[in-house]
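Chains, contacts and geometry: an overview
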Amino acid sequence: MDTFRDAPAEPPSATLMSPSQSKIADIDVDEFFQQDDFNLTEVDSMMALTILNYLIRLLVIRCQDECESPVDALSDLPSPPLGPEEIDDCPLSPRKTNSRSSDSQGETQFLENTPDVNESNKNPTSKLMQNKILAKRFSLKSNPPVTVEEYLERINQYCGLSTAVYLTTSLYLFKLVRRNEVLKLNDLNIHRILIAALRISCKTVEDMNHRQTFIAKIGGVNNKDLLSLEISFLFLLKFECQANETILTTFLRDMKILHQESK
């Protein structure tokens, strides 16, 4: 029995189109964080989506303050090899590979370049270089055609993810920026980081998920690129993906403090 939800018969084009009406802007985050404490059962998916969008804005601003040119620091690193693309119309998958390469060759090439966790733990310098290479995988050469808010609205419109998924994604991004000295969120990498974090969150907290190819189309990346981004994100997160009611409630309390500090 297939446990995954099938994609619609005619899924939307991979071209990133803005939804006709934004709902995130209609929700007051300030009112939400005025609560003394948080009950996850009272947080709906749109509020969780708005919190995610709000957190991204705060983290991008904070990263910009810490580093004036976050992309330039990674510009001297070589781009890691990726598998061959399956879809040409992928705005967030700009890299091209040799079309004559087979799928198996692409997968082998990717696995050969997957970082050695044990080796990097022994050598701090090697670990830093590994993280720099992983961080570069998320960077684009030019700004995507949609804002983060429009991107989130698009994903929510076609995928309808749950409150737990959006809150878990926020938790991952919060941990990633707080613990990682290399990856700085900016307009050139946040979309690819976001789609990877959302996909991992779905796999972590949900029993049933959309197919990988469907999520890739909605996110504007090709299928193999999405897999590469997920693995890179997991290494940067040190595979600390646990999320439950207690962890998410504690995270919302931390978010409340961050919200108060940002005023």
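Throughout, a residue's number is its position along its own chain's written sequence, starting from 1. Residues qualify for local features only when their pLDDT is at least 70, as the model is predicted, and side-chain atom pairs are given and counted only at 80 or more; totals for whole chains, interfaces and linings, by contrast, use all residues. To obtain the side-chain values, all non-hydrogen atoms of the structure were used and water was disregarded.

With an unreviewed UniProt entry as reference, the chain is termed Cyclin, source organism Wickerhamomyces anomalus.

**Things to note about the overall build of the chain**
The criterion, for reference: For the purposes of this entry, the term helix denotes a DSSP run of H or I that reaches at least four residues, the term strand denotes a run of E that reaches at least two, and both are numbered from the N terminus. Only protein chains enter the accessibility calculation, which uses a 1.4 Å probe; a residue whose area is less than 20% of its type maximum is buried, one above 50% is exposed, and one in between is partly exposed. The criterion used for residue contact is that any of the two residues' heavy atoms lie within 4.5 Å. Per-residue accessibility takes into account occlusion by the displayed protein chains alone, with areas from the Shrake-Rupley method and a 1.4 Å probe.
Helix and strand content of the chain: 11 helices and 0 strands. Here the chain, with 263 residues, has 49% of them falling under the buried criterion. Restricting the contact set of the chain to residue pairs at least 6 apart, pairs at least 24 apart contribute 83%. Of the roughly 13,500 Å² of accessible surface on the chain, a fraction of 48% belongs to carbon and sulfur atoms.

**Observations regarding helix α8 (residues 190-205)**
The following threshold applies: A helix is expected to span 1.5 Å multiplied by its residue count minus one.
Look at α8: 22 Å from first C-alpha to last across 16 residues, which is about the 22 Å you get at 1.5 Å a residue. The element α8 is largely enclosed, with a buried count of 13 among its 16 residues.

**Points about the side chain of E230**
Going by this rule: In protein, a polar contact means a hydrogen-donor-capable atom and an acceptor-capable atom, both N or O and within 3.5 Å, with residues adjacent in sequence counting only if both atoms are side-chain atoms; elsewhere, any N or O pair within 3.5 Å suffices.
Looking at the secondary structure, you find E230 in helix α10 (residues 223-236). A polar atom in the side chain of E230 sits 2.6 Å from the side chain of Q212. In contact with E230, other than residues within four places in its own chain, are A196, R199, I200, K203 and Q212.

**Here we look at unusual backbone geometry**
Of note, the phi angle at K238 is positive, near 60°, even though the residue is not glycine. Its place among the elements puts K238 in the loop between α10 and α11 (245-262). Look at F239: it is not a glycine, yet its phi comes out positive at around 60°. Using a relative accessible area of 47% as the deciding quantity, one classes F239 as partly exposed.

**Quick word on the packing of helix α6 (residues 148-159) against α8**
Under the convention used in this document: Axis definition: a line fit to C-alpha positions, over the contact stretch in the case of helices; interaxial angles, taken between N-to-C directions, run 0 to 180 degrees. Angle categories: roughly parallel below 35 degrees, roughly antiparallel above 145, roughly perpendicular from 65 to 115, and oblique for all the rest. Crossing chirality is assigned from the near helix's rotation relative to the far helix, an anticlockwise turn below a right angle marking it left-handed and a clockwise turn marking it right-handed.
At a minimum axis separation of 11 Å, α6 and α8 run at an interaxial angle of 30°. What the angle tells us is that α6 and α8 run roughly parallel. Between α6 and α8 lies a crossing of right-handed hand. Note on element contacts: α8 touches α6 through I190, H191, L194, I195 and L198, opposite V148, Y151, L152 and I155.

**Quick word on the environment of R137**
Looking at the element boundaries, R137 is found in the loop between α5 (124-136) and α6. With relative accessibility at 2%, the residue R137 sits in the buried group. When the C-alpha positions of R137 and I193 are compared, they lie 9.4 Å apart, and in sequence the two are 56 residues distant.

**Topic: the nonpolar core**
Note the following rule: What is meant by a nonpolar core is a set of buried Ala, Val, Leu, Ile, Met, Phe, Trp, Tyr and Cys residues, joined one to another through side-chain atoms within 4.5 Å.
Judged by nonpolar contacts, the single largest core of 71 residues is most densely connected at L173, L194 and F233. Looking at this core element by element, the count peaks at 13 residues for helix α2 (residues 45-66). Not counting chain neighbours up to four residues away, the residues in contact with F233 comprise F138, Y172, L173, L176, I193, A196, A197 and I200.

**Some points on the pattern of salt bridges**
A side chain with one charge may pair with a side chain of the opposite charge, provided their charged atoms come close. So the rule is basically this: Salt bridges are defined by distance alone: a side-chain nitrogen of Lys or Arg within 4 Å of a carboxyl oxygen of Asp or Glu.
Scanning the model with the defined rule gives 4 salt bridges in all. With its nearest N and O atoms 3.0 Å apart, the salt bridge here joins D225 to R192. In this pair, D225 is assigned in helix α10 and R192 in helix α8, connecting sequence segments 33 residues apart. Assessed through its relative accessible area of 4%, D225 is described here as buried. Assessed through its relative accessible area of 0%, R192 is described here as buried. In this structure, the salt-bridge partner of E230 is K203, at a minimum N-O distance of 2.8 Å. With E230 in helix α10 and K203 in helix α8, this residue pair connects regions lying 27 residues apart in the sequence.

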